[in-house]
Amino acid sequence: MTQPPFFHALSDVQSTAIGAGTRVWQYVVVLPGAQIGQDCNICSHCLIENDVVIGDRVTVKSGVQLWDGLRVADDVFIGPNASFANDRFPRSKQTPAKFLQTVLEAGASIGAGATILPGVTIGSQAMVAAGAVVTRAVPPNAIVVGNPARIVGYVDADRNQAASAGPVSAEVGAQPTQVSGVALHRMPRVLDIRGSLTVGEFDRSIPFAVKRYFMVFDVPSMETRGEHAHRECHQFLICVRGSCAVVADDGRNRQEFLLDRPDVGVHLPPMVWGIQYKYSADAVLLVFASHHYDSADYIRNYAEFRQLVGAAA
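What comes next is a walk through the structure. (Residues numbered from 1 in each chain as written. Predicted model: local features only at pLDDT ≥ 70, side-chain atom pairs only at ≥ 80, totals over all residues. Heavy atoms only, no water.)

Here the focus is a nonpolar patch on the surface. Taken together, the side chains of V190, L197 and V199 present a nonpolar region at the surface, about 250 Å² in accessible area. Looking at the element boundaries, L197 is found in strand β26 (residues 195–198). (Patch = residues over 30% accessible without salt bridge, like charges linked within 9 Å, V, L, I, M, F, W, Y side chains within 5 Å. Areas by Shrake-Rupley, 256 points an atom, 1.4 Å probe, with all protein chains shown as cover. Salt bridge = Lys/Arg side-chain N within 4 Å of Asp/Glu carboxyl O. Helix = DSSP H or I, 4+ residues; strand = E, 2+ residues; numbered from the N terminus.)

Next up on the list: the sheet that holds strand β16 (residues 115–116). Sheet architecture is open: three strands sit in the order β13-β16-β19, paired in parallel fashion. Of all strands in the sheet, those with a lone pairing partner are β13 (83–84) and β19 (133–134), marking the two edges. Looking at chain direction, β16 and β19 are connected through two bridges and run parallel. From the neighbouring strand, T115 faces β19, where its bridge partner is V133. (Pairing = 2+ DSSP bridges.)

Scanning all chains against the criterion turns up two cavities of 30 Å³ or more. Here the largest cavity is characterised by a volume of approximately 40 Å³. Lining the largest cavity are P140, N141, Y154, E227, D249, R254, W273, I275 and Y302. Residues belonging to the lining of the largest cavity are distributed by class as follows: five nonpolar, one polar and three charged. If you add up the space inside the second largest cavity, you get close to 40 Å³. What lines the second largest cavity is W67, D68, G69, L70, F84, A85, N86 and T102. In the lining of the second largest cavity, the residues fall into four nonpolar, three polar and one charged. (1 Å grid on protein atoms, 1.4 Å probe; cavity = no way out; pocket = protein on both sides within 12 Å on 5 of 7 lines; lining within 4 Å. Points joined across faces, edges and corners; volume = space filled by probe spheres on them. Nonpolar A, V, L, I, M, F, W, Y, C, P; charged D, E, K, R; others polar.)

A few words now on the side chain of T177. Topologically, T177 is positioned in the loop between β23 (173–176) and β24 (183–186). When near neighbours in sequence (up to four residues on either side) are disregarded, T177 contacts V182, A183, L184, Q255 and F257. (Contact = heavy atoms within 4.5 Å.)

On to the packing of aromatic side chains, then. Inspection of every chain in the model, using the stated rule, returns seven aromatic pairs. Pairing F6 with W25 gives two aromatic rings, centres 5.1 Å apart and planes at 55°, and the pair type is tilted. Within this pair, whereas F6 is found in strand β1 (residues 6–7), its partner W25 is found in the loop between β3 (23–24) and β4 (29–30), the two being separated by 19 residues in sequence. Among the residues examined, F6 registers a relative accessible area of 36% and is labelled partly exposed. Ring plane angle 40° and centroid distance 5.5 Å describe the contact between W273 and F305, whose orientation is recorded as tilted. Taken together, the residues W273 in strand β33 (residues 273–277) and F305 in helix α1 (residues 302–312) connect sequence positions 32 residues apart. What makes W273 buried here is its relative accessible area of 3%. Every member of this aromatic cluster is reached through a ring pair, and the members are W273, Y302 and F305. (Phe/Tyr/Trp six-rings, centres within 6.5 Å; stacked < 30°, edge-to-face > 60°. Buried < 20%, exposed > 50% of the residue type's maximum accessible area, 1.4 Å probe, protein only.)

Evaluated as defined, the whole model comprises 12 salt bridges. With a closest N to O distance of 2.9 Å, R136 and E223 form a salt bridge. In this pair, R136 is assigned in the loop between β19 and β20 (142–145) and E223 in the loop between β27 (212–217) and β28 (225–230), connecting sequence segments 87 residues apart. Put simply, R261 and D263 hold a salt bridge, and the shortest N to O gap is 3.2 Å. Taking the relative accessible area as the measure of exposure, R261 reaches 10% and is therefore buried. By relative accessible area, D263 is classed as buried at 0%.

As summarised here, the arrangement of the five strands in space is β5-β8-β11-β14-β17, forming an open sheet in which the pairing is parallel. The sheet terminates laterally at β5 (35–36) and β17 (121–122), the two strands that pair on one side only. Examined bridge by bridge, strand β8 (residues 53–54) and strand β11 (residues 70–72) share two bridges and lie parallel to one another. In the sheet register, I54 faces β11, and the bridge partner there is V72.

A word on the state of the cysteines. All told, the structure shown has zero disulfides when counted by the stated rule. For the unlinked cysteine C40, the closest cysteine sulfur is that of C43, found at 11 Å. Residue C40 is classed as buried on the basis of its relative accessible area of 0%. As a non-bridged cysteine, C43 has C46 as the owner of its nearest cysteine sulfur, 6.5 Å distant. (Disulfide = S-S within 2.5 Å.)

Positionally, D68 belongs in the loop between β10 (65–66) and β11. It turns out D68 is buried and unbridged, and the closest side chain with the opposite charge, R71, is 7.3 Å from it. A distance of 2.8 Å separates the side chain of D68 from the backbone nitrogen of D51, its partner in a polar contact. In this structure, D68 is in contact with E49, N50, D51, V52, N86, F99 and L100, ignoring residues within four places of it in sequence. (Lys, Arg positive; Asp, Glu negative; His and termini not counted. Polar contact = N/O pair within 3.5 Å; in protein donor to acceptor, adjacent residues only side chain to side chain.)

Everything listed here is a matter of geometry and, on its own, says nothing about what the molecule does.
Below, the structure written as structure tokens:
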């Protein structure tokens with residue numbers, strides 16, 4: 001049986017656009033234009049302005065103010081005393097014609113005391129740590145901490161340390177992973193008094209014909225690259241100097257690999273979402289690709305990627 005919304009006697013709810021099962025507790029002020037979905041929980045001492053849209057099953061803990069321009073999707077958690085801004089240059093008695101829109105996508109979590117600057121999008125299932133200051137967009141599934149917030153991990157990514165673990169003489173060849181089609185490759189490594197050598201052969205240790213290569217270097221440590229999938233292109237990644245982390249995601253499983261040796265590479269086939277981050281200051285990432293550059297081959301929106309792999313399945 002559908003339950004009507006509950007408003008505590010000490011709340012001031014002026015909006016009528018509030019879904020069934022939502023609970024609004026004491027000392028909450030909801031202005032007339034606000035829209036709140038079903039089965040939400042708005043804890044005490046919150047303020048929700050007019051141009052605010054909240055989805056279903058959202059939790060807003062105590063001491064939160066949701067200002068004009070905020071869009072909150074389904075299943076979002078907002079921790080106590082989290083702060084949202086909607087004006088980059090606020091002045092007393094000066095109101096912009098339109099406030100910047102800040103978006104919290106489905107399933108995102110905002111930790112206690114976090115600060116979200118205006119015009120920022122927090123991606124689906126992302127986690128913002130308590131006290132973090134978010135100054136720019138957070139990708140889907142990312143975990144961010146600090147001031148300014150930086151990515152330190154990805155939700156549900158199994159961290160596989162095989163790239164850095166074990167003796168140099170470990171068995172050469174491909175090791176399957178939890179992500180469909182993704183393999184971790186160990187190439188031959190030869191050591192002698194003159195130095196070290198590692199070698200790979202196209203169509204053998206690198207499992208496709210190569211038409212293009214590129215190198216990524218001088219990446220600030222807090223930056224994230226990749227964040228896309230390819231429709232047809234295969235890629236093979238080797239960190240030939242320094243280290244970086246690679247996250248592979250097939251839409252069901254997500255796994256992280258540390259590349260910190262030039263005799264180890266990761267093969268990312270088509271329709272796998274790839275992310276590179278945690279670059280060391282001296283990192284040089286070499287990438288071999290099976291296709292020439294084609295912007296139409298890229299899938300840059302994670303929600304679209306999930307839809308495509310779901311349809312293929």
